[in-house]
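The chain contents come next:
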Amino acid sequence: MKSALKSLGIPFEEVHIKPVVATPRASYCILLRDPIDRALSAFNWRHRLVITEGTQQHRFPGERAILERWGNLNALAEALYDEFGGANEEAIREFRTIHHLKESIGFYFQQFDIAKHAGQIQSVLFQESLDADFKRTFQADLPSKRLKHNPSSRDLSARAESNLRRVLASDYAVIEALHAEGHIPQDRFESIMRRGKA
């Protein structure tokens, strides 16, 4: 997406791995993903870089041991809360140690008041419908890009999804706030909110 914006001559500043801070007169385009899909993709990507390829095994202290211990997101997610809803604080801490899981959607919006700055939000785009959302927002086609597929497990149990829904509560709060301001279509909102619901 960044290369497409550059090729169109659209000036932008990417906010990545740090919270968004509202700036007067700035316009915001927000790229989101279903929180559960995002968490699965993040775990698998870190597992690939840290364990499978070993290119980032020493980048973040403790991350390698956590990824090795759990092996896949389903195992970790199922351990976040027990069958009675009790929190497993150690598992939650380890979940939030993994790069990109620590930097959740809620992390990015912790300093950004969506209701206050709703008028500065130009568009919300979703990874799942990026081609259409990009065209709607920028009146241009997004060049096709070959996606990288991660061979790690993609299966999540109902319990894992339910636990992820709970541990990612701040992500869902952001999505609810954006929907309340009219920035997320009803069908997309309902699709996201039904995932992991007890």
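About the thresholds
Along every chain, residues carry numbers that run from 1 in the direction the sequence is written. Thresholds applied to this predicted model are a pLDDT of at least 70 for local features of residues and 80 or more for the giving and counting of side-chain atom pairs; totals over whole chains, interfaces and linings are not thresholded and use all residues. In computing side-chain values, all of the structure's heavy atoms are included and hydrogens and water are not. By the criteria applied, helices consist of DSSP H or I runs no shorter than four residues and strands consist of E runs no shorter than two, each listed in order from the N terminus. In this treatment the radius of gyration is a C-alpha quantity, and the globule benchmark scales as 2.2 Å times the residue count to the 0.38 power. Residues count as neighbours in contact if any of their non-hydrogen atoms are within 4.5 Å of one another. Exposure categories follow from relative accessible area, calculated using a 1.4 Å probe and restricted to protein chains: below 20% of the type maximum is buried, above 50% is exposed, and the middle band is partly exposed. At least two bridges found by DSSP between two strands is the condition for calling them paired.

(A) Representation of the overall build of the protein chain. Across its full length, the protein chain carries 10 helices and 2 strands. Reading the protein chain from its N end, one meets helices and strands in the order α-β-α-α-α-α-α-β-α-α-α-α. Here the C-alpha atoms of the protein chain give a radius of gyration of 18 Å, agreeing with the 16 Å that 2.2 N^0.38 yields for 198 residues. Principal-axis analysis of the C-alpha atoms places the extent of the protein chain at approximately 45 × 35 × 30 Å. In the protein chain, the share of contacts with a sequence separation of at least 24, taken over all contacts with a separation of at least 6, comes to 71%.

(B) The arrangement of unusual backbone geometry in detail. Of note, the phi angle at H100 is positive, near 80°, even though the residue is not glycine. Within the secondary structure, H100 sits in the loop between α5 (89–95) and α6 (105–108). We note that Q139 has phi near 50°; this positive angle belongs to a residue other than glycine. With respect to the helices and strands, Q139 occurs in the loop between α7 (130–138) and α8 (158–167).

(C) Local environment of the pairing of strand β2 (residues 121–126). Across the 6 residues that make up β2, a large majority, 5, are buried. Bridge count for strand β1 (residues 28–32) against β2 is 5 bridges, and the pairing is parallel. Each bridged residue has a counterpart across the sheet, and for L31 the counterpart in β2 is L125.

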